[in-house]
2 protein chains.
Amino acid sequence: MLFTDQYELTMGQLYYRLGLHETVVQFDHFFRNYPDYGAHKAGYCVNAGLEWLLDWMQDAHFRQDDLEYLRGQTGRVGSRLFSDDFLDWLRKNGTFEGLSMRAIPEGRVVHPNEPLTVVQGPLAAAQLLETSLLNHLNFQILIATKAARIRSAALRDSIPEGGRGPLMLEFGMRRGHGTGANAAGRAALIGGADYSSNVGLSHVLGYPPKGTHAHSMIQVFMSLGMSELEAFRAYAEVYPDDCLLLVDTIDTLESGVPNAIRVFQELRRKGHEPQGIRLDSGDLAYLSIQAARMLNDAGLPNIVIVLSNDLDELVILQILTQIGHEASRYGVDPDELMGRLVYGVGTRLITSWGQPALGGVYKLVAVRDGRRTTPLRSEIPWVPAIKVSESSDKTPNPGHKLAWRVYDRRGLAIADLLSLDDEEPRHMNPLVLRHPSDHAKYRTLDEGDVAEIEPLLVDVLLDGRRVYDLPSIEEMRARRRADVERLDPGVRRLLNPHVYHVSLTQRLWDLKQELIRSAMEKSH
Amino acid sequence: MLFTDQYELTMGQLYYRLGLHETVVQFDHFFRNYPDYGAHKAGYCVNAGLEWLLDWMQDAHFRQDDLEYLRGQTGRVGSRLFSDDFLDWLRKNGTFEGLSMRAIPEGRVVHPNEPLTVVQGPLAAAQLLETSLLNHLNFQILIATKAARIRSAALRDSIPEGGRGPLMLEFGMRRGHGTGANAAGRAALIGGADYSSNVGLSHVLGYPPKGTHAHSMIQVFMSLGMSELEAFRAYAEVYPDDCLLLVDTIDTLESGVPNAIRVFQELRRKGHEPQGIRLDSGDLAYLSIQAARMLNDAGLPNIVIVLSNDLDELVILQILTQIGHEASRYGVDPDELMGRLVYGVGTRLITSWGQPALGGVYKLVAVRDGRRTTPLRSEIPWVPAIKVSESSDKTPNPGHKLAWRVYDRRGLAIADLLSLDDEEPRHMNPLVLRHPSDHAKYRTLDEGDVAEIEPLLVDVLLDGRRVYDLPSIEEMRARRRADVERLDPGVRRLLNPHVYHVSLTQRLWDLKQELIRSAMEKSH
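Residues numbered from 1 in each chain as written. Chains lettered and ligands numbered in written order. Predicted model: local features only at pLDDT ≥ 70, side-chain atom pairs only at ≥ 80, totals over all residues. Heavy atoms only, no water.

Trainee: Is there a simple way to think about the overall build of chain A in this case?
Mentor: Across its full length, chain A holds 18 helices and 21 strands. Considered along the principal axes of its C-alpha atoms, chain A spans approximately 80 × 65 × 40 Å. Per-residue burial for chain A yields a buried fraction of 63% across its 524 residues. A separation threshold of at least 6 residues defines the contact pool for chain A, and within that pool the share at least 24 residues apart is 75%. Entry remark: accessible area of chain A is about 18700 Å², with carbon and sulfur atoms responsible for 48%. (Helix = DSSP H or I, 4+ residues; strand = E, 2+ residues; numbered from the N terminus. Buried < 20%, exposed > 50% of the residue type's maximum accessible area, 1.4 Å probe, protein only. Contact = heavy atoms within 4.5 Å. Areas by Shrake-Rupley, 256 points an atom, 1.4 Å probe, with all protein chains shown as cover.)

Below you can see the structure in the form of structure tokens.
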């Protein structure tokens, strides 16, 4: 439970002292901007992290040791920071059992300024959740999004995804941020990696981990007076049906690939099908073309070629572009080569290189006085809360809201729509989509324009009780694939994507304007 | 123990199968380049992470459940990947009890291409350690380095560090990479933060966590029909001696600061000393000048001003430069204002924004046949191993080495020096410093140029037994302060730092050239 910021606890005590700790409130978790990697920016995000947050919440409570630590904290003049009655309250009530939660499921495509996770319940508990919620969700969304981009760069329309083996492996553990490497591995699997090299994480998720071998293996053999060929042979001997050889320790084309081919042919003669080679340095486009040529000439056209070494979506884009231009010149079919490539993606995936944080926030959007019951979609009115920012696009959307996705007749998502809790956009005709901050911008859709309006939020917790069947990672991956496919190609592209609209209904727009007006009046 | 990459295990089995698993080897951990944040680059790093790595190593073993998971793994044709005899060996021997380790202590300034951590011992165990060692050390070095830079930007020579309160607070948990936020918080404390907001981490390290309050606290009050002033008063009531108020929820200069002043004066009348305000948006230089002016005019010159909102070393540099230029114009003494600023640093510290990974590697540098004894500095000769890279500066320094720091008569560090294990640079006169890859570059120092030559590596583990008294975080911080002070100001500066030299002795240089020659011959 101490996986939190100190101020959540000091605010908690203040609410307790004032008798506000059981006031029912709503916080929305959302992000304001897509990740911007410097040279390029995302056009969509992939939601992730909910399950691990729920697991953490379920176990979270104040242990005796935690309470003693808080009891020992003193302020500047030496008096205790937390009083016994508050600590006693924490001991009895410092859990998340009173909270209700709605969320957009993991794996779904999401966009800025829409509520991804909605928390309702007693103020003290909802406030105490803030830091851990942001920590769990922001990071997994960040990495799932990066993984989806890298996968989309690696996928070629000319090569059907079904039927081929793994396309993308997560290899970043050694460059991950401490044990955050585990959350990153999970998010990478949701977002687009087929497998991870992280053994413990794969165990937890029930996936087989994947890997090859390191340069050090070749070096050990050479230091003991043996050769690269002997190292390869030893590997083939131990893993005859899973023989994937790293070929760049000495010289890729002069030594590594010829030695690998020799060992592969020996394996074949013994009735085993060799698996692949890995290239980890140099000009990966050029080397993969040459390696493919040599493998083809040796009658080994099915050997996969794993590429690694600081890959990301732009590096992959460049490699594939170069292969498209150059492969034929060497007698290699570009599509055939692209179809046998596998990407081992490490540092730049696990750190979301270029944008290592998602600016997700957790904002108070509504308050309700009264009893501690928190039925979702309750008829009891909420008081919407607003924080007016200097820039109007930073002002959060207030109140108790629903989120919807609008699909056109092509089956493509054309906008997400936020409504008040009691609105039903599926019955609105025409459907007015207001820009969240610019009053001059809106769109009107007739029934004929709209094929489907889909609610995005599902009930997850009701007064702390889980009312949601957690999907498997495979289901999340299927969700992500389906959602990405239903994006306009302009939104999906890696560079300069189209802006996807997250709009407000007329009534939500009116409420927001009214609250801004009233807040401005109060402050002047 | 499964906090590792799959290939460490498959290589482990290969070594076991070939009877090489107890061959004694040496791996060096080092990084090749300083973090490069895009607009600017580090001139030094701060070492960190060792203690948590040692803790992990001490507990690491294969539990029955881990072994069952490995037993269930199958290759492409369905046969088992790991055999019973190897799993049995892992169960009995899969620990780090046979390893010896030397390391540069945490908190010390370190540089590229010098061994930060040296692991000696049986090949299988040393290989199994790789991923976790890199994960633990790379990340904490990255963050400790960033923290040291941010602290150095915040420190002004005109303001003595001693005697003032905290200067820098780590606030980044919500943007950290999952539970990696804990390792980041620890590294931030070693590198330069005075405190962290992370409660659990502070508990583990025995520090008091620090924090203020959130915008949501003001919003709750306003949604319930009360005002910012009433929220501030409530906070002052509960925390009269630790009253630090966030003043930008409505309007910093029109509402927040005047309300804070009113509450501070009320506190004063009740005999309490108010603490500070926090600015979290807008032009922090301008707002801090105006806030200081208003606080001074109200007779509150000792109120600290906490700045937050995407701070990093360049943002702080810019804020302080602007204060230096503009404060006097508003009747505020710039030094006095700079002396009361406190920096709450979040996202850009905890993610090492601009360079979210340190490219630290773990390379085989020596192999020894024979029995399993591993006395450090043994007389039994090692076979140095080398991996020749295409670029000569990427070729690791081979063999069994020592690392030294050379200080000049001013007491400043002028170079680090790597020697062979049996060399004693303190007895060399003149001292020749060879460039690690450019044969034309070397420096010769006479006795008169050198004040001190200090060995950097200390013995940490001897055959798995800890022979090192772990320093406290305070001792690491003192180490870092002393080492940074002994850097040339040109190396220390934030932008375009001088290159600090890590050199080789003549004999190590000769050995490296000989190994490269011999490796090139073998490969052609």
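Trainee: Hey, could you run me through the sheet that holds strand S8 (residues 244-246) of chain B in this one?
Mentor: Pairing between the strands of a sheet is mediated by backbone hydrogen bonds and can be parallel or antiparallel. Across the sheet, which stays open at both edges, the six strands sit in the order S7-S6-S11-S10-S9-S8 (chain B) with parallel pairing between neighbours. Two strands lie at the open edges of the sheet, namely strand S7 (195-196) and S8 of chain B, each paired on one side alone. (Pairing = 2+ DSSP bridges.)

Trainee: Would you mind showing me how to read helix H3 (residues 64-71) of chain A here?
Mentor: Residues spaced three or four apart along an α-helix face the same direction, because each turn holds 3.6 residues. Buried residues of H3(A): A:Asp66, A:Leu67, A:Tyr69 and A:Leu70, and no others. In a view along the axis of H3(A), the buried residues occupy a sector of 155°, so they form one face of it. Those residues of H3(A) hidden inside the fold are in contact with helix H1 (6-18) and helix H4 (84-93) of chain A together with helix H8 (199-205) of chain B. (Arc of directions from axis to C-beta.)

Trainee: What is the right way to look at the relation of the copies chain B and chain A in this model?
Mentor: Both copies of the chain are related through a single rotation about an axis accompanied by a shift along the same axis. Between chain B and chain A, the superposition needs a rotation of 180° and an axial shift of 0.0 Å, giving an RMSD of 0.0 Å. These values place the two chain copies in the arrangement generated by a two-fold rotation axis. In terms of C-alpha distance to the rotation axis, chain B has B:Gly180 as its closest residue, with the C-alpha 2.2 Å off the axis. Comparing interface residues between copies, 100% of those in chain B also sit at the interface in chain A, which points to an isologous, same-surface contact. (Least-squares fit on C-alpha atoms with pLDDT ≥ 70 in both.)

Trainee: Can you help me understand the pattern of salt bridges in this one?
Mentor: Counting across every chain of the model gives 74 salt bridges over all chains. For B:Arg91, the salt bridge is made with B:Asp88, and the minimal N-O distance between the two is 2.8 Å. With a gap of three residues between them, B:Arg91 and B:Asp88 both fall in helix H4 (residues 84-93), about one helical turn apart. With relative accessibility at 29%, the residue B:Asp88 sits in the partly exposed group. Taking the shortest distance from any N to any O, the salt bridge between B:Glu313 and B:Arg149 comes out at 2.6 Å. Taken together, the residues B:Glu313 in helix H13 (residues 313-326) and B:Arg149 in helix H6 (residues 130-154) connect sequence positions 164 residues apart. Taking the relative accessible area as the measure of exposure, B:Glu313 reaches 0% and is therefore buried. For B:Arg149, a relative accessible area of 2% gives the class buried. Beyond isolated ion pairs, a larger network of salt bridges with shared partners links A:Arg108, A:Glu114, A:Arg405, A:Asp416, A:Glu454 and A:Asp483. (Salt bridge = Lys/Arg side-chain N within 4 Å of Asp/Glu carboxyl O.)

Trainee: Sorry, what's going on with the packing of H1(A) against helix H10 (residues 228-238) of chain B here?
Mentor: Each pair of packed helices gets described by two things: the angle between the helix axes and the distance between those axes. Look at H1(A) against H10(B): their axes get within 10 Å of each other, and the N-to-C directions meet at 100°. When the interaxial angle is binned, H1(A) and H10(B) end up roughly perpendicular. Contacts between H1(A) and H10(B) involve A:Thr10, A:Gln13, A:Leu14, A:Arg17 and A:Leu18 from the first element and B:Ala234, B:Tyr235 and B:Val238 from the second. (Axes fitted to C-alpha atoms, helices over the stretch in contact; angles between N-to-C directions. Parallel < 35°, antiparallel > 145°, perpendicular 65-115°, else oblique.)

Trainee: Would you explain the packing of helix H3 (residues 64-72) of chain B against H4(B) in this entry?
Mentor: Residue and element names in this part refer to chain B. Contact pair H3 / H4: the axes reach a minimum separation of 11 Å and the direction vectors enclose 160°. By the angle between their directions, the pair H3 and H4 is classed as roughly antiparallel. Crossing hand, H3 versus H4: right-handed. Each of Gln64, Leu67, Leu70 and Arg71 in H3 lies in contact with H4, whose residues at this interface are Asp84, Leu87, Leu90 and Arg91. (Left-handed = near helix turned anticlockwise from the far one by under 90°.)

Trainee: In this structure, what is going on with the interface of chain B and chain A? I would like to understand it.
Mentor: For interface size, the figure often reported is the accessible area lost on association. Taken together, the 107 residues of chain B in the interface contact 108 residues of chain A. Of the roughly 8800 Å² buried between chain B and chain A, counting both surfaces, carbon and sulfur atoms make up 61%. By the criterion of area lost to chain A, the three top residues of chain B are B:Arg76, B:Arg174 and B:His177, representing 10% of everything that side buries. At the surface where chain B touches chain A, the tally comes to six salt bridges. Counting across the interface, chain B meets chain A through 46 residue pairs in polar contact (both at pLDDT 80 or more). Per-element accounting of the side of chain B that touches chain A gives the leading share, 11 residues, to helix H1 (residues 6-18) of chain B. Per-class residue counts for the side of chain B that touches chain A are 48 nonpolar, 39 polar and 20 charged. (Buried area = accessible area lost by both parts, 1.4 Å probe. Polar contact = N/O pair within 3.5 Å; in protein donor to acceptor, adjacent residues only side chain to side chain. Nonpolar A, V, L, I, M, F, W, Y, C, P; charged D, E, K, R; others polar.)

Trainee: I tried to follow the pairing of strand S14 (residues 401-408) of chain B on my own but got confused; where do I start?
Mentor: One face of the sheet, then the other: side chains in a regular strand alternate in exactly this way. Residue and element names in this part refer to chain B. Taking burial as the measure, the eight residues of S14 include eight buried ones, the bulk of the element. Side chains Lys401, Ala403, Arg405 and Tyr407 project from S14 onto one buried face, and the interleaved Leu402, Trp404, Val406 and Asp408 project onto a second face that is buried too. Here seven bridges tie S14 to strand S15 (residues 413-420), and the two strands are oriented antiparallel to one another. Residue pairing for S15: lysine 401 is matched across the bridge by leucine 420. The hairpin formed by S14 and S15 contains four residues between the paired strands, and glycine 411 there has a positive phi angle of roughly 85°. Across five bridges, S14 lies against strand S18 (residues 450-455) in antiparallel orientation. From the neighbouring strand, tyrosine 407 faces S18, where its bridge partner is glutamate 452.

Trainee: Got a minute to help me understand the packing of aromatic side chains in this structure?
Mentor: The way to describe two aromatic rings as a pair is by their centre distance and the angle between their planes. All names here are of chain B. Applying the stated rule across the entire model yields 20 aromatic pairs over all chains. A ring pair is formed by tyrosine 195 and tyrosine 207, whose centres lie 6.5 Å apart and whose planes are at 70°; its orientation type is edge-to-face. You can see tyrosine 195 sitting in strand S7 and its partner tyrosine 207 sitting in the loop between H8 and helix H9 (215-223), a full 12 residues away along the chain. With a relative accessible area of 22%, tyrosine 195 lands in the partly exposed category. (Phe/Tyr/Trp six-rings, centres within 6.5 Å; stacked < 30°, edge-to-face > 60°.)

Trainee: Sorry if this is basic, but what is going on with the environment of B:Val365 here?
Mentor: Looking at where B:Val365 falls in the secondary structure, it is placed in strand S12 (residues 361-368). A sequence separation of 35 residues divides B:Val365 from B:His400, and the C-alpha atoms of the two residues are 7.2 Å apart.

Trainee: Looking at this structure, I do not really get the environment of B:Leu253. What am I missing?
Mentor: Residue and element names in this part refer to chain B. Among the secondary structure elements, leucine 253 is positioned in helix H11 (residues 252-269). In this structure leucine 253 comes out as partly exposed when scored by relative accessible area, which is 22%. Considering only alpha carbons, one finds leucine 253 and leucine 9, 244 residues apart in sequence, at a separation of 61 Å. Not counting residues up to four positions away in its chain, the partners in contact with leucine 253 are Pro258, Tyr286, Leu287, Gln290, Ala291 and Met294.

Trainee: Could you clarify how one ought to interpret the side chain of A:Lys363 in this entry?
Mentor: As for its position among the elements, A:Lys363 is in strand S12 (residues 361-368). In this structure A:Lys363 is buried but unpaired, with A:Glu130 as the nearest side chain of opposite charge at 6.4 Å. Beyond its immediate sequence surroundings of up to four residues, A:Lys363 is in contact with A:Gln26, A:Phe27, A:Asp28, A:Phe30, A:Arg32, A:Pro396 and B:His215. (Lys, Arg positive; Asp, Glu negative; His and termini not counted.)

Trainee: What exactly am I supposed to notice about the nonpolar core here?
Mentor: In terms of nonpolar packing, the biggest core is built from 314 residues, with A:Leu129 and B:Leu129 touching the most fellow members. Once residues lying within four places of it in the same chain are set aside, the contact partners of B:Leu129 are B:Leu53, B:Trp56, B:Met57, B:Phe96, B:Leu99, B:Met101, B:Val119 and B:Tyr362. (Core = buried A, V, L, I, M, F, W, Y, C linked by side-chain atoms within 4.5 Å.)

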